[in-house]
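What follows is each chain in one-letter form.
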There are 4 protein chains.
Amino acid sequence: MALTGTRAERKQARPREILQAAFEEFSLRGYAATSVEHIADRVGVTKGTIYVYFSSKENLFESMVSELAQPSIDSSFYLSALYRGAAIDTLTAFLRDLYKAMVQDRYMSEISRFLVAEANSFGDLRRKYREAFALPVLATVQAIVEHGCETGEFRGEAADLDPFLLISPLLGLNVARHIDPEFKVATEQFVEQHILFIRYFLEKRGTGR
Amino acid sequence: MALTGTRAERKQARPREILQAAFEEFSLRGYAATSVEHIADRVGVTKGTIYVYFSSKENLFESMVSELAQPSIDSSFYLSALYRGAAIDTLTAFLRDLYKAMVQDRYMSEISRFLVAEANSFGDLRRKYREAFALPVLATVQAIVEHGCETGEFRGEAADLDPFLLISPLLGLNVARHIDPEFKVATEQFVEQHILFIRYFLEKRGTGR
Amino acid sequence: MALTGTRAERKQARPREILQAAFEEFSLRGYAATSVEHIADRVGVTKGTIYVYFSSKENLFESMVSELAQPSIDSSFYLSALYRGAAIDTLTAFLRDLYKAMVQDRYMSEISRFLVAEANSFGDLRRKYREAFALPVLATVQAIVEHGCETGEFRGEAADLDPFLLISPLLGLNVARHIDPEFKVATEQFVEQHILFIRYFLEKRGTGR
Amino acid sequence: MALTGTRAERKQARPREILQAAFEEFSLRGYAATSVEHIADRVGVTKGTIYVYFSSKENLFESMVSELAQPSIDSSFYLSALYRGAAIDTLTAFLRDLYKAMVQDRYMSEISRFLVAEANSFGDLRRKYREAFALPVLATVQAIVEHGCETGEFRGEAADLDPFLLISPLLGLNVARHIDPEFKVATEQFVEQHILFIRYFLEKRGTGR
DNA sequence: TATGAATGAGACTTCATTCAT
DNA sequence: GATGAATGAAGTCTCATTCAT
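Cut-off values and rules
Residues numbered from 1 in each chain as written. Chains lettered and ligands numbered in written order. Predicted model: local features only at pLDDT ≥ 70, side-chain atom pairs only at ≥ 80, totals over all residues. Heavy atoms only, no water. Helix = DSSP H or I, 4+ residues; strand = E, 2+ residues; numbered from the N terminus. Buried < 20%, exposed > 50% of the residue type's maximum accessible area, 1.4 Å probe, protein only. Contact = heavy atoms within 4.5 Å. Areas by Shrake-Rupley, 256 points an atom, 1.4 Å probe, with all protein chains shown as cover. Near = heavy atom within 4 Å. Polar contact = N/O pair within 3.5 Å; in protein donor to acceptor, adjacent residues only side chain to side chain. Nonpolar A, V, L, I, M, F, W, Y, C, P; charged D, E, K, R; others polar. Least-squares fit on C-alpha atoms with pLDDT ≥ 70 in both. Domains from an automatic or database assignment. Buried area = accessible area lost by both parts, 1.4 Å probe. Salt bridge = Lys/Arg side-chain N within 4 Å of Asp/Glu carboxyl O. Phe/Tyr/Trp six-rings, centres within 6.5 Å; stacked < 30°, edge-to-face > 60°. Lys NZ or Arg CZ within 6 Å of the ring centre and 35° of its normal. Arc of directions from axis to C-beta.

Chemist: So what exactly am I meant to see when it comes to the overall build of chain A here?
Modeler: Helix and strand counts for chain A stand at 10 helices and 0 strands. Going from the N terminus to the C terminus, chain A shows its helices and strands as α-α-α-α-α-α-α-α-α-α. Counting only C-alpha atoms, chain A reaches 65 × 35 × 30 Å along its principal axes. Within chain A, the fraction of its 209 residues that count as buried is 52%. Within chain A, contacts between residues at least 6 apart in sequence are counted, and of these 69% link residues at least 24 apart. Accessible surface computed for chain A: about 9700 Å², of which carbon and sulfur atoms make up 51%.

Now the structure itself:
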């Protein structure tokens, strides 16, 4: 931890430092097995200092998730793009961006792990995730597919598609990497294959080429 | 817990009863937040009794996973089937069975959650899972696809496919249900769509029939 | 603490041992300033042991009061005595017994101190004390005085007497001894003077003689 | 806290403001359960400021008691009055004034509670209270009674009276109100009854008039 | 085998106090 | 003088584990 700056600057930076450290420690051991002291040690302060900024371990955890989990997906952007081009292009762009936001982004990726591990204990987390992320993403996919069907760009059968099917590989990839970091999937390539896969199904003549 | 049988029989059954109870409790709260007493209470014995059968909480957890996580997937079965029919049929059967084993089976489904939550703390679990489940499954998929390519049943491009892409939706489905049990996916239908999806990509003329 | 007896016997005696120790320590320092460890040390066990028997420090304190505060005053006894003799004799007997129960009894005496010190924090204590002790005692005094007036044994003016005035010296004595144990009042004599005092006021001809 | 006056004036007033706030907070929760921050908050300053004026929490508490506990009873006044009138009148005046000083005065009343609660921990308090209040009061009562006996105004038996008996109802009243504020005694009337009571005993012919 | 009282290490949290600004 | 960030000691409570019975 940088010991530079005036006291005022240090103070300003403290909350974020703590959230960062909390993120690392919670990621490593999970909520219950991480002690506030672990986090304090990582920041280089004492336990008491943590409580100057956060009222409880629970509050620290939730603040950490709120602060670091910033899903950078803006549904309206993709939907508006629909009127300027092919649905498949919008969908492709959306999936690539979703990949960046869900899999590549270290925070979001890890937070999806917290969700699996702690959602039972942190009902709020589940609710926030659903409302701020899961539902909008699914609605967007659904809308794009429907639009593609209406314009005749996609097969009729596509209309019955569960939108979660188009998302699930990303979630699966995420989880696989959490379960076993050594199990290296060529992730970039994985998404492109995933997209290609989708095109074969959705587009009227198999692959778009 | 069935209260039937002689005392001797019940004693015989004790270890399994304990593992069952451990499963329920660990599922509910996670490893760290579950106390040995929770488990003892559920079985109807005292904490001390747990230690008659298991040397430690860790050992109990690991035993529970080993005992209850019995992936009922036999790779050799599907591989041998390849010589008696179409690759797509083998693959279809395999995926359906994998769905049963991974998603429908309560134990395996929950254990995949444990893996996400605790793999960092239980390195052995990760290793076992990889060796006993992940790698064989991926190898089987890979083999089936390769066979389909060789016999000309599948497109040439299929050879480059990452086999994990074919599995990932199941993993994603599993996890989604853990994150949010209220997020109801029509799971049976989900798998069939998933299979159909794959056929469009793999088979030479879109969906075969 | 006696380290004798079988384990079973020791276990049986534990709760009372702990309550005793709690009484001594709480008396010495007050609720907030007494740590559970002080109490455990006095019993000769570790902190954890206390929590085997009591769910919290608060519960321990309340249990201690409930267990040790047994006001041995039975109102009905004095009231029934009224029909067999002079009101002044009943009153005298009552006050002497009240003195024994309030001032001489070490537990009740100390508990009145807890009430002064902690009633704000332990509302239940206040309620119990009022219902189980204060109100019955005052009602009894009131009844005896009224009876004496009706039979003509006491002056008419006595009817307007606040019964608390007859009790208050005992409460005052109690408190004085708490404030300053070195301030030695000749307590036995104090009560007899107090009774004499009352007779002068109540009885028609000054002192009963 | 009045927010008037120049800054300099307010600074001047700080110590007293703090003592006032300390009084309120300590009254509410007792010494141990009151945190310095509670007090600071009430004054509208930060914890650190408290330590500008007081060296420790203990010192603050003791200063508060010293500052606010100003028994407004001047023994010599009553003793000198003896030579100008009847002993019973002096005693009556004394008891009424004592009532004002002990029971009606909010500070003294509350401080007597602190004494009960904390005298064990604050030996100094006990000593001060004894020397500055208890002993002088008792000595005064004693002197008045003796004087009344000598002049023949009081019965001979009065000489053996424990002076504390004449004071104890006030102490008892005080404490009763602390134990249970809902237990409403008609306090003004209580004292007058108490005085009447005393006259019956002390004066040669029951109540004098 | 089974019990459950007891332990002791460690968790979260509070708070009087200090000190650089 | 005033601040408030930081500390560190201590307090309440939990729990995996042991062991005499």
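Once the structure has been displayed, the description carries forward.
Chemist: Is there a simple way to explain the protein's contact with DNA strand F in this structure?
Modeler: Around DNA strand F sit 34 residues, and of these Arg14, Thr49 and Tyr53 of chain A together with Thr49 and Tyr53 of chain D come closest. When atoms of DNA strand F within 4 Å of the protein are sorted by moiety, sugar and phosphate together comprise 72%. One nitrogen or oxygen atom from the side chain of threonine 49 of chain A is found 2.3 Å from a phosphate oxygen belonging to DNA strand F. Within the backbone of lysine 57 of chain B, an N or O atom sits 2.8 Å from a phosphate oxygen of DNA strand F. For the surface near DNA strand F, the secondary structure elements donating two or more residues are helix 1 (7-29) and helix 3 (47-53) of chain A, helix 3 (47-53) of chain B, helix 3 (47-53) of chain C together with helix 1 (7-29) and helix 3 (47-53) of chain D. Of the residues that constitute the surface near DNA strand F, the class distribution is 10 nonpolar, 12 polar and 12 charged.

Chemist: Help me out: how do you make sense of the relation of the copies chain C and chain D in this one?
Modeler: The second copy of the chain is related to the first by a rotation about an axis and a shift along the axis. Least-squares fitting of chain C to chain D yields an RMSD of 0.3 Å, with the superposition described by an axial translation of 0.1 Å and a rotation of 179°. What we have between these two chains is a two-fold relation. When each C-alpha of chain C is compared by its distance to the rotation axis, glycine 172 of chain C comes out closest, at 2.0 Å. When the interface residues of chain C are mapped onto chain D, 94% of them are again interface residues, pointing to one common binding face.

Chemist: For this particular structure, what's the right way to read the protein's contact with DNA strand E?
Modeler: Taken together, 33 residues are adjacent to DNA strand E, and Thr49 and Tyr53 of chain B together with Arg14, Thr49 and Tyr53 of chain C come closest. Threonine 46 of chain B is positioned such that a nitrogen or oxygen atom in its backbone is 3.5 Å from a phosphate oxygen of DNA strand E. Here a phosphate oxygen of DNA strand E sits 2.3 Å away from a polar atom, N or O, in the side chain of tyrosine 53 of chain B. Residue assignment for the surface near DNA strand E shows that the elements contributing at least two residues are helix 3 of chain A, helix 1 (7-29) and helix 3 of chain B, helix 1 (7-29) and helix 3 of chain C together with helix 3 of chain D. Here the element with the most residues in the surface near DNA strand E is helix 3 of chain C; it accounts for 5 residues. Residues that form the surface near DNA strand E fall into these classes: 9 nonpolar, 12 polar and 12 charged.

Chemist: Teacher, can you tell me more about the domain arrangement of chain A here?
Modeler: Accessible area lost upon the coming together of the parts is a frequently used measure of interface size. All names here are of chain A. Under the domain assignment used here, chain A contains domain 1 (2-67) and domain 2 (70-202). One C-alpha centre belongs to domain 1, the other to domain 2; they are set 31 Å apart. Between domain 1 and domain 2, the residue contacts involve 14 residues of the former and 11 residues of the latter. For the pair domain 1 and domain 2, the two sides together bury roughly 1200 Å², of which 63% comes from carbon and sulfur. In this assembly, domain 1 and domain 2 are joined by 1 salt bridge. The residue glutamate 24 makes a salt bridge to arginine 106 at a minimum N-O spacing of 2.6 Å. The interface formed by domain 1 and domain 2 holds 7 residue pairs in polar contact (both at pLDDT 80 or more) in total. Those elements giving two or more residues to the side of domain 1 that touches domain 2 turn out to be helix 1 and helix 4 (57-68). Considering every element that reaches the side of domain 1 that touches domain 2, the biggest residue donor is helix 4, with 7 residues. Taken together, the residues that form the side of domain 1 that touches domain 2 break down as 6 nonpolar, 4 polar and 4 charged.

Chemist: Help me understand the relation of the copies chain B and chain A in this model?
Modeler: Once turned by 179° and shifted 0.1 Å along the axis, chain B lies on chain A with an RMSD of 0.3 Å. Counting the interface residues of chain B, we find that 98% of their copies in chain A are interface residues as well, pointing to one common contact surface.

Chemist: Whenever I open this one, the packing of aromatic side chains confuses me. Can you help?
Modeler: For the structure shown, the criterion picks out 62 aromatic pairs over all chains. Through a chain of ring-to-ring contacts, three or more aromatic side chains come together here, namely Phe23, Phe26, Tyr31, Phe61, Tyr107, Phe114 and Phe122 of chain A. Its guanidinium or amino end placed over the ring of tyrosine 31 of chain B, lysine 57 of chain B lies 4.5 Å from that ring's centre, counting from NZ or CZ.

Chemist: Before we go on, may I ask you to explain the interface of chain B and chain A in this structure?
Modeler: Contact residues are listed per partner, giving 46 residues for chain B and 48 residues for chain A. Together chain B and chain A conceal approximately 4200 Å² of surface at their shared face, both sides included; 68% is due to carbon and sulfur atoms. Counting the surface chain B buries against chain A, the share from its top three residues, Ile179, Phe197 and Tyr200 of chain B, is 19%. Here aspartate 180 of chain B ties to arginine 130 of chain A by a salt bridge, and the two come within 2.6 Å at their closest N and O atoms.

Chemist: Whenever I open this one, helix 2 (residues 36-43) of chain B confuses me. Can you help?
Modeler: Each α-helix turn comprises 3.6 residues. Residues three or four places apart therefore point the same way. All names here are of chain B. All of the buried residues along helix 2 are Val36, Ile39, Ala40 and Val43. Down the axis of helix 2, the sector holding all buried residues measures 100°, keeping them to one side. Just downstream of helix 2 lies glycine 44, where phi reads positive at about 90°.

Chemist: Can you walk me through the interface of chain C and chain D in this structure?
Modeler: Contacts between the two partners involve 48 residues from chain C, matched on the other side by 46 residues from chain D. For the pair chain C and chain D, the two sides together bury roughly 4200 Å², of which 68% comes from carbon and sulfur. The tally of links between chain C and chain D comes to 2 salt bridges. The interface formed by chain C and chain D contains 15 residue pairs in polar contact (both at pLDDT 80 or more). The set of elements that each furnish at least two residues to the side of chain C that touches chain D consists of helix 1, helix 7 (106-118), helix 8 (123-150), helix 9 (163-179) and helix 10 (187-202) of chain C. Broken down by element, the residue count for the side of chain C that touches chain D peaks at 12 residues, all from helix 9 of chain C. Residue classes in the side of chain C that touches chain D are distributed as 28 nonpolar, 9 polar and 11 charged.

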